[in-house]
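# Results of the structural survey
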Amino acid sequence: MMKLFVLLAGSVLALAAAQARALETTAKPLSVEITKFAFAPKEITIAPGTKIVWTNLDETPHTVTSADKQLKSSALDTNDKFEHVFASEGDFSYFCTLHPFMTGVVHVRK
Ligand SMILES: [Cu+2]
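We now turn to the structure provided with this report.

Rules behind the numbers
Residues numbered from 1 in each chain as written. Predicted model: local features only at pLDDT ≥ 70, side-chain atom pairs only at ≥ 80, totals over all residues. Heavy atoms only, no water. Donors = N, O, S within 2.8 Å, 3.2 Å for Na, K, Ca; no water. Helix = DSSP H or I, 4+ residues; strand = E, 2+ residues; numbered from the N terminus. Pairing = 2+ DSSP bridges. Phe/Tyr/Trp six-rings, centres within 6.5 Å; stacked < 30°, edge-to-face > 60°. Buried < 20%, exposed > 50% of the residue type's maximum accessible area, 1.4 Å probe, protein only. Salt bridge = Lys/Arg side-chain N within 4 Å of Asp/Glu carboxyl O.

### So, the coordination of the copper ion
Within the protein, the copper ion binds to His62 (ND1), Cys96 (SG) and His99 (ND1); these donor distances fall in the range 1.9 to 2.2 Å. Taken in chain order, the donor set of the copper ion reads H-x33-C-x2-H. Of this pair, His62 sits in the loop between β4 (50–56) and β5 (81–86) while His99 sits in the loop between β6 (90–95) and β7 (103–108), and the two are 37 residues apart along the sequence.

Set out below in structure tokens:
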């Protein structure tokens, strides 16, 4: 009987640890690369509260800008980063003000 209890307690702890790891993974910042005049990935789906970090890998400056100005980076030089935490659900389209053909979208879903 005691042995069974110890086994049960062990598996409950293992489950709790697995859940903690899952939460950590969700909260981890996600990366979008700006490379060859494009956002990669161009579309990304995240949970509310997730941070996205954009990094410009081009030799040319780019921006991360949305029409509603929720996203408004300065001109990012090579290896410069811009980050934003998406708190609420929705579809957030953005573009580069220097090259408006460069577009991307962030889908925030529960
Ligand atoms: Cu650009």
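### Some points on the sheet that holds strand β2 (residues 39–40)
If you trace the four strands from one edge of the open sheet to the other, you get β2-β1-β4-β5, paired in mixed fashion. The open sheet is flanked by β2 and β5, the only strands paired with a single partner.

### A few points about the packing of aromatic side chains
Scanning the model with the defined rule gives five aromatic pairs in all. Between Trp54 and Tyr94, the ring centres sit 5.3 Å apart and the planes meet at 80 degrees, which makes this aromatic pair edge-to-face. Highlighted residues: Trp54 in strand β4 and Tyr94 in strand β6, separated in sequence by 40 residues. The burial state of Trp54 is the same as that of Tyr94; both residues are buried. Measuring from centroid to centroid gives 5.4 Å for Phe86 and Phe92, while their planes differ by 50 degrees, and the two rings are tilted.

### Observations regarding the pattern of salt bridges
A complete count under the given rule lists three salt bridges for this structure. The partner of Lys110 in a salt bridge is Glu89, and the shortest N-O contact between them spans 3.7 Å. Taken together, the residues span a long stretch of sequence, with Lys110 in the segment after β7 and Glu89 in the loop between β5 and β6 at a distance of 21 residues. By relative accessible area, which is 82% here, Lys110 ends up exposed. The shortest N-O distance in the salt bridge between Arg109 and Asp91 comes to 3.1 Å. Here the residue Arg109 occupies a position in the segment after β7, and Asp91 occupies one in strand β6, the gap between them amounting to 18 residues.

### What about the pairing of β6?
The alternating pattern of β6 places Gly90, Phe92 and Tyr94 on a buried face and Asp91, Ser93 and Phe95 on a face that is not buried. Across six bridges, β6 lies against β7 in antiparallel orientation. Within the sheet, the bridge partner assigned to Gly90 lies in β7 and is Val108.

Everything listed here is a matter of coordinates, which is why it stays silent on function.
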